[in-house]
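# Descriptive structure summary
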Amino acid sequence: MKLYWAPRTRSLRALWVLEEAGVPYERVKLDLMAGDQKSAGYRAINPMAKVPALTDGPVAVAESGAICAYVAEVVPQAGLAPPLGDPARGRYLQWLFFSPGCVEPAFLTKSANIPVRPEMASFGDFDRVFDVLEAAVTKGPWLLGEHFSAADVMIGLDLHFGIDIFKLVPSRPALRAYVDRCLARPALQRAKAIEAAGV
Ligand SMILES: N[C@@H](CCC(=O)N[C@@H](CS)C(=O)NCC(=O)O)C(=O)O
């Protein structure tokens, strides 16, 4: 697999899931300031001209959530997704989609101060999103209980960024503890080290 990425972006999700998968992969760093993401060659991989994107032989997949799902599927031995037929797969898919479907628009509308009508917004309202996540991670250690999954990569980084970086989400004890469990994972530490080294 080949990961197209850039430091300090949503690429960290892809780096983390690949480090969790524990298989070799190649990294291709894009210089976003130089506009590498807008080249015709890269647009053939991700027509949105954004990072991250992943190729795997003839396969190309963009969107960080889809990359997490793809890696979990092609490296089943890493146990990053409940298999088809496992009842936990319902919640796994729910939390994977919750990140782009609910958390991202909640962050965007909050930070841009855009008023939304809860019954019209995909995410309801900001507080509801984080109340629901708080309930989901309170028992722990992971969203699916004892089983760490690719959904924790998406939601864990959403909460890390929302609390620690953007400072949009109040640091409630259960959310803080969950983020700390994520930050303690060696694979996330390796991903952050790769990001810091920029290679
Ligand atoms: N929905 C996409 C969002 C990707 C995205 O927004 N990438 C940003 C960096 S975090 C980017 O490539 N920005 C460069 C640009 O738009 O030129 C995903 O989750 O992968």
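Quantities reported herein were computed from a predicted structural model and do not represent experimental measurements.

Thresholds applied
- Starting afresh in each chain, residues are numbered from 1 along the sequence in its written order.
- Under the rules for a predicted model, residues below a pLDDT of 70 receive no local features and side-chain atom pairs below 80 are neither given nor counted, while totals for whole chains, interfaces and linings still include all residues.
- Per the convention used, a helix needs a DSSP run of H or I reaching at least four residues, while a strand needs a run of E reaching at least two, with both numbered from the N terminus.
- For the radius of gyration, the atom set is restricted to C-alpha positions; the globular benchmark scales as 2.2 Å times the number of residues to the power 0.38.
- Residues with at least 20 other C-beta atoms within 10 Å of their own are called buried, those with 12 or fewer are called exposed, and the rest are partly exposed. The C-beta atoms themselves are positioned from the backbone.
- Residue pairs qualify as contacts under a 7 Å threshold applied to their C-beta atoms, which are placed from the backbone.
- Domain extents, as shown, originate in an automatic or database domain assignment.
- Under this grouping Gly is polar, as are all residues other than the nonpolar Ala, Val, Leu, Ile, Met, Phe, Trp, Tyr, Cys and Pro and the charged Asp, Glu, Lys and Arg.
- Of all possible arcs, the one meant is that of the directions from the helix axis to the C-beta atoms.
- A set of buried Ala, Val, Leu, Ile, Met, Phe, Trp, Tyr and Cys residues, joined through C-beta atoms within 7 Å, is what we mean by a nonpolar core.
- Placing a C-beta atom from the backbone of each residue, we mark the residue near a molecule or strand if the atom is within 6 Å of it.
- Strands are treated as partners if at least two bridges between them are detected by DSSP.
- Here an axis means a line fitted to C-alpha atoms, over the contact stretch when the element is a helix, while the angle between two N-to-C directions is reported on a 0 to 180 degree scale.
- A clockwise turn of the near helix away from the far one marks a right-handed crossing, whereas an anticlockwise turn of less than a right angle marks a left-handed crossing.

### A short note on the overall build of the protein chain
Helix and strand counts for the protein chain stand at eight helices and four strands. Going from the N terminus to the C terminus, the protein chain shows its helices and strands as β-α-β-α-β-β-α-α-α-α-α-α. A globule of 199 residues ought to have a C-alpha radius of gyration of about 16 Å, and the protein chain, at 17 Å, matches this closely. Along the first, second and third principal axes, the C-alpha set of the protein chain runs to 40 × 40 × 30 Å. Among the 199 residues that make up the protein chain, the fraction classed as buried is 37%. Counting only contacts in the protein chain whose residues sit at least 6 apart along the sequence, the fraction spanning at least 24 positions is 60%.

### A short note on the domain arrangement of the protein chain
Split by domain assignment, the protein chain resolves into domain 1 (2-79 + 187-197) and domain 2 (88-185). When each unit is reduced to the centre of its C-alpha atoms, the spacing between domain 1 and domain 2 is 21 Å. Contact residues are listed per partner, giving 13 residues for domain 1 and 11 residues for domain 2. Within the residue set of the side of domain 1 that touches domain 2, elements represented by two or more residues are helix 1 (11-21), helix 3 (64-74) and helix 8 (186-197). Residue classes in the side of domain 1 that touches domain 2 are distributed as nine nonpolar, two polar and two charged.

### Quick notes on helix 7 (residues 173-183)
Within helix 7, burial applies to Leu175, Tyr178, Val179 and Cys182. Take helix 7 and look down its axis: the buried residues cluster within an arc of 100 degrees, on one side only. Seen from the buried face of helix 7, the exposed residues on the opposite side, beyond 90 degrees, are Pro173 and Asp180.

### Examining the nonpolar core
By size, the foremost hydrophobic cluster in this structure holds 56 residues, and its most contacted members are Val17, Cys68, Val71 and Ala150. The two domains that each donate at least three residues to this core are domain 1 (2-79 + 187-197) and domain 2 (88-185). Apart from residues no more than four positions distant in its own chain, cysteine 68 is found in contact with Arg13, Val17, Leu96, Ala150, Val153 and Met154.

### Focus: the site of the ligand
Within the structure, the ligand sits among Thr9, Arg10, Leu32, Gln37, Ala49, Lys50, Val51, Pro52, Glu63, Ser64 and Pro100. Considered class by class, the residues forming the shell around the ligand number five nonpolar, three polar and three charged.

### Description of the sheet that holds strand 2 (residues 26-29)
With mixed pairing, four strands are arranged side by side in an open sheet as 2-1-3-4. Every other strand in the sheet has two partners, leaving strand 2 and strand 4 (59-62) as the edge strands with one partner each. For this sheet the average axis-to-axis angle between neighbouring strands, irrespective of direction, equals 20 degrees. In the sheet, strand 1 (residues 2-5) pairs with strand 3 (residues 53-56) via three bridges, with the strands oriented antiparallel.

### Notes on the packing of helix 1 against helix 6 (residues 150-165)
At a minimum axis distance of 10 Å, the contact between helix 1 and helix 6 shows a crossing angle of 145 degrees. Classified by chirality, the crossing of helix 6 by helix 1 is right-handed. Between helix 1 and helix 6, the residues in contact are Leu12, Arg13, Trp16, Val17 and Glu20 and Ala150, Val153, Met154 and Leu157, respectively. Tallied by class, residues from the contact of helix 1 with helix 6 come to seven nonpolar, no polar and two charged.

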